[in-house]
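# Structural characterization, general
As a plain string of letters, each chain reads:
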Amino acid sequence: MHPQDLKQILSSGLLSFPITDFDENGDFRADTYAERLEWLAPYGASALFAAGGTGEFFSLTPGEYSDVIRTAVDTCRGKVPILAGVGGPTRTAIALAQDAQRLGAQGLLLLPHYLTEASQDGLIEHVAEVCKSVSIGVVVYNRANCRLTPDSLEKLAARCPNLIGFKDGIGDIELMVSIWRRMGDRFSYLGGLPTAEIFAGAYKAIGTPVYSSAVFNFVPKLAMDFYHATAADDFATTNRLIDEFFLPYLDIRNRKAGYSVSIVKAGARLVGHSGGPVRAPLTDLTAEEDEMLLKLIRAQGPQ
């Protein structure tokens, strides 16, 4: 897929990150992962991110990573585009990016580099090196220790024609507005704060109507309903769902660090699409928290 075609796809609709399936021993399960993608694809997400943050990219070995991307691409071919998460040290990110392109991914989500802080010059070189290593489209994820400025993005845009998207996971509205006003339609802009639905209305108002939904993993109909209500400025629906579902959901998610992934895996298990446990250093929800989440899910009706 040409990068500009991917950019067009990412400029509208709902995006999501499927969880990665593990068995009881914590090993990747390709069969149930494929079943998960087959279940989610018809709900209408514009694109899916395989091995993203919610997909526990940070805990996958290189061999597992290849298996995840291969399974996602093969399962979703002709149904929904697959973007592969890549990240870590620059040479590691390059190796993963090239592997994902070889396996047929239509694009990449470049997650933050590993651990160390870096100057803007260093971040520019990191992103540029990954972009030039592939020909498919790349979306850079502004989050944690990767905090690109408008000046840096302008330089990257000039150097990297296949850098077609910018995803924000920081929540600095001043920075986001500055980037959007500087770069205009050079990028597609994606909301990436967890949990994205809480911020969807505010981000739409500043030119970022597209976001990635984690809850799509277990309440896909609700996730799509919320997206369409946001797009239509149906505040009665979005406010009701925020009050009835998302704020109580956040009360559970915020109990422990790392629960933004754990609660999604719990939700998938509770609706009959188990992806197994999370891997350390994450921890699974307690039985009490499972019951709290199940009550919220049941209140939303069939999906």
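The structure contained in this document is the topic of the report that follows.

About the thresholds
- Residues numbered from 1 in each chain as written.
- Predicted model: local features only at pLDDT ≥ 70, side-chain atom pairs only at ≥ 80, totals over all residues.
- Heavy atoms only, no water.
- Helix = DSSP H or I, 4+ residues; strand = E, 2+ residues; numbered from the N terminus.
- Buried < 20%, exposed > 50% of the residue type's maximum accessible area, 1.4 Å probe, protein only.
- Contact = heavy atoms within 4.5 Å.
- Pairing = 2+ DSSP bridges.
- Axes fitted to C-alpha atoms, helices over the stretch in contact; angles between N-to-C directions.
- Core = buried A, V, L, I, M, F, W, Y, C linked by side-chain atoms within 4.5 Å.
- Bend = angle between axes of the 7 residues up to and from the residue.
- Polar contact = N/O pair within 3.5 Å; in protein donor to acceptor, adjacent residues only side chain to side chain.
- Parallel < 35°, antiparallel > 145°, perpendicular 65-115°, else oblique.
- Left-handed = near helix turned anticlockwise from the far one by under 90°.
- Nonpolar A, V, L, I, M, F, W, Y, C, P; charged D, E, K, R; others polar.
- Salt bridge = Lys/Arg side-chain N within 4 Å of Asp/Glu carboxyl O.
- Arc of directions from axis to C-beta.
- Phe/Tyr/Trp six-rings, centres within 6.5 Å; stacked < 30°, edge-to-face > 60°.
- Lys NZ or Arg CZ within 6 Å of the ring centre and 35° of its normal.

Turning next to the overall build of the protein chain. Counting its secondary structure elements, the protein chain contains twelve helices and eight strands. Dimensions of the protein chain, computed from the C-alpha atoms along their principal axes, are close to 50 × 45 × 35 Å. Per-residue burial over the protein chain gives 57% buried out of 303 residues. For the protein chain, the share of sequence-separated contacts (at least 6 apart) that also reach a separation of at least 24 residues comes to 73%.

Here we take up the sheet that holds strand E5 (residues 137–142). If you walk around this closed barrel you meet the eight strands as E1-E2-E3-E4-E5-E6-E7-E8, and the pairing is parallel. Taken together, the two bridges between strand E1 (residues 15–16) and strand E8 (residues 210–213) define a ladder with parallel strand orientation. What sits directly across from Leu15, in E8, is Ser212. Along the sheet face, helix H5 (residues 120–132) touches strand E4 (107–110), E5 and strand E6 (163–168) and points at about 165 degrees away from the line of E4.

For Asp23, the location among the structural elements is in the loop between E1 and helix H2 (30–40). Excluding residues that lie within four positions of it along the chain, Asp23 makes contacts with Arg29 and Pro277.

In this structure, Ile69 and Tyr249 are the most contacted members of the largest nonpolar core, which totals 103 residues. Filtering out sequence-adjacent residues up to four positions away, Ile69 remains in contact with Ala50, Ala51, Ala84, Ala100, Leu103 and Ala105.

The largest bend in helix H10 (residues 235–253) is about 45 degrees, located at Ile242. For H10, the set of buried residues is Thr237, Thr238, Leu241, Ile242, Phe245, Phe246, Tyr249, Leu250, Ile252 and Arg253. Looking at the buried residues of H10, the elements they touch are helix H8 (196–205), helix H9 (220–231), helix H11 (259–270) and helix H12 (287–299).

The next point concerns the side chain of Asn217. Secondary-structure assignment places Asn217 in the loop between E8 and H9. A distance of 3.0 Å separates a polar side-chain atom of Asn217 from the backbone oxygen of Ala214. If near-sequence neighbours (up to four positions away) are discounted, Asn217 is found in contact with Ser16, Phe17, Pro18, Ile19, Arg36, Trp39, Leu40, Thr54, Val264 and Ala268.

A word on the packing of H2 against helix H3 (residues 62–76). Two packed helices can be described by the angle between their axes and the distance between those axes. Contact geometry of H2 with H3 gives a least axis separation of 9 Å together with a crossing angle of 40 degrees. Accordingly, the angle class assigned to the pair H2 and H3 is oblique. Helix-helix and strand crossings are classified by hand; for H2 and H3 the assignment is right-handed. Taking contact as the criterion, the partners of Ala30, Tyr33, Ala34, Leu37 and Glu38 in H2 are, on H3, Val68, Thr71, Ala72, Thr75 and Cys76. Its residues placed into classes, the contact of H2 with H3 shows seven nonpolar, two polar and one charged.

The next thing to look at is the pattern of salt bridges. Under the definition given, this model contains 18 salt bridges. Put simply, Lys204 and Asp233 hold a salt bridge, and the shortest N to O gap is 2.8 Å. Pair noted here: Lys204 is in helix H8 and Asp233 is in the loop between H9 and H10, with a separation of 29 residues, a long-range link. Since its relative accessible area comes to 26%, Lys204 is described here as partly exposed. We classify Asp233 as partly exposed; its relative accessible area is 41%. The structure contains a network of salt bridges with shared partners spanning Asp151, Glu154 and Arg182.

Glancing now at helix H6 (residues 150–159). If you check which residues of H6 are buried, you get Pro150, Ser152, Leu153, Leu156 and Ala157. Buried residues of H6, seen end-on, are gathered within an arc of 155 degrees and therefore sit on one face of the element. Close packing links the buried residues of H6 with H5, E5, E6 and helix H7 (173–183).

As a further point, take the environment of Gly192. Along the chain, Gly192 turns up in the loop between strand E7 (188–191) and H8. When the C-alpha positions of Gly192 and Glu64 are compared, they lie 25 Å apart, and in sequence the two are 128 residues distant. Sequence-distant contacts of Gly192, defined by excluding residues within four places in its chain, comprise Tyr141, Arg143, Lys167, Asp168, Gly169 and Ser212.

The next point concerns the packing of aromatic side chains. Counted by the stated rule, this structure contains eleven aromatic pairs. For the ring pair Phe17 and Phe49, a centre distance of 4.6 Å and an interplane angle of 15 degrees mean the geometry is stacked. With Phe17 in the loop between E1 and H2 and Phe49 in strand E2 (residues 47–50), this residue pair connects regions lying 32 residues apart in the sequence. Here Phe17 falls in the buried class, since its relative accessible area comes to 6%. Note on Phe57 and Tyr65: the rings are 6.1 Å apart at their centroids and 80 degrees apart in plane angle, and the pair reads as edge-to-face. Residues Phe57 and Tyr65 agree in their burial class; the two are buried. Pairwise contacts between aromatic rings join Phe218, Phe226, Phe245, Phe246 and Tyr249 into one cluster. Seen from the ring of Phe49, Lys167 lies directly overhead, with NZ or CZ sitting 5.4 Å from the centre. In this arrangement the basic side chain of Arg279 is found over the ring face of Phe22, its NZ or CZ atom lying 4.2 Å from the centre.

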